[in-house]
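# Architecture at a glance
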Amino acid sequence: MMEKKWKIIRVSKRVKPIHYSLRPPLPLELGKDYYVSFCVGQAYHCRLTNIYEERRRIEIEIPRRPSRSWMERMSRKRIPRQQWREWLSVCEKEPYSCVDVYLLFPDEIGCTPEEAVLHQVTM
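What counts, and where the lines are drawn
Residues numbered from 1 in each chain as written. Predicted model: local features only at pLDDT ≥ 70, side-chain atom pairs only at ≥ 80, totals over all residues. Heavy atoms only, no water. Helix = DSSP H or I, 4+ residues; strand = E, 2+ residues; numbered from the N terminus. Buried < 20%, exposed > 50% of the residue type's maximum accessible area, 1.4 Å probe, protein only. Contact = heavy atoms within 4.5 Å. Polar contact = N/O pair within 3.5 Å; in protein donor to acceptor, adjacent residues only side chain to side chain. Phe/Tyr/Trp six-rings, centres within 6.5 Å; stacked < 30°, edge-to-face > 60°. Lys NZ or Arg CZ within 6 Å of the ring centre and 35° of its normal.

This part is about the overall build of the protein chain. If you tally the helices and strands in the protein chain, you get three helices and six strands. Listing every helix and strand of the protein chain by position from the N terminus yields β-β-β-β-α-α-β-β-α. Sorting the 123 residues of the protein chain into buried and exposed places 36% on the buried side. When contacts within the protein chain are restricted to residue pairs at least 6 apart in sequence, long-range pairs at least 24 apart make up 64% of them.

With that out of the way, let us pick up the environment of F38. By secondary structure assignment, the location of F38 is in strand 2 (residues 33–39). F38 gets classed as partly exposed once you look at its relative accessible area, which sits at 21%. Sequence spacing of F38 and Q120 is 82 residues, and the spatial spacing of their C-alpha atoms is 5.8 Å.

Of note, R23 is situated in the loop between strand 1 (9–10) and strand 2. Only 2.7 Å separates the side chain of R23 from the backbone oxygen of Q120, close enough to count as a polar contact.

A word on the packing of aromatic side chains. Overall, the coordinates contain two aromatic pairs when judged by the stated rule. On the basis of an interplanar angle of 55° and a centroid distance of 6.2 Å, the ring pair of F38 and Y44 is categorised as tilted. Ring centres of F38 and Y102 lie 5.2 Å apart, and the angle between their planes is 45°; this geometry places the pair in the tilted category. A residue pair is termed long-range when its members are at least 10 positions apart, and F38 in strand 2 and Y102 in strand 5 (residues 99–104) qualify at 64 residues. The lysine or arginine in question, R55, covers the ring of Y52, its NZ or CZ lying 4.8 Å from the ring centre.

Any functional reading would require information beyond the geometric quantities listed.
Encoded structure:
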């Protein structure tokens, strides 16, 4: 996972999701990187942050690239271009500084992007 972690990973449209009852359980490790898919043909990097055994749920973080408008709203002022470049370089060095957190079933993630599409998140 050396490329920018917030990028969408394209997967062949021939890979189709399988029914949730047919998904095999994965061996899960806290802090390990996995992939998750919310629609056919796309997968995202994610990191497993928590396992809730009693509710059969897992918590994952998906890194996201901060938008300039988000940064401007946070600071309530216009950000100079140099400062914006410095912020992006920090996010590239520490890709998990800007994340979205999701609560999923344990069988909705995969070890590869193709496996993530097979185990696509059910809504």
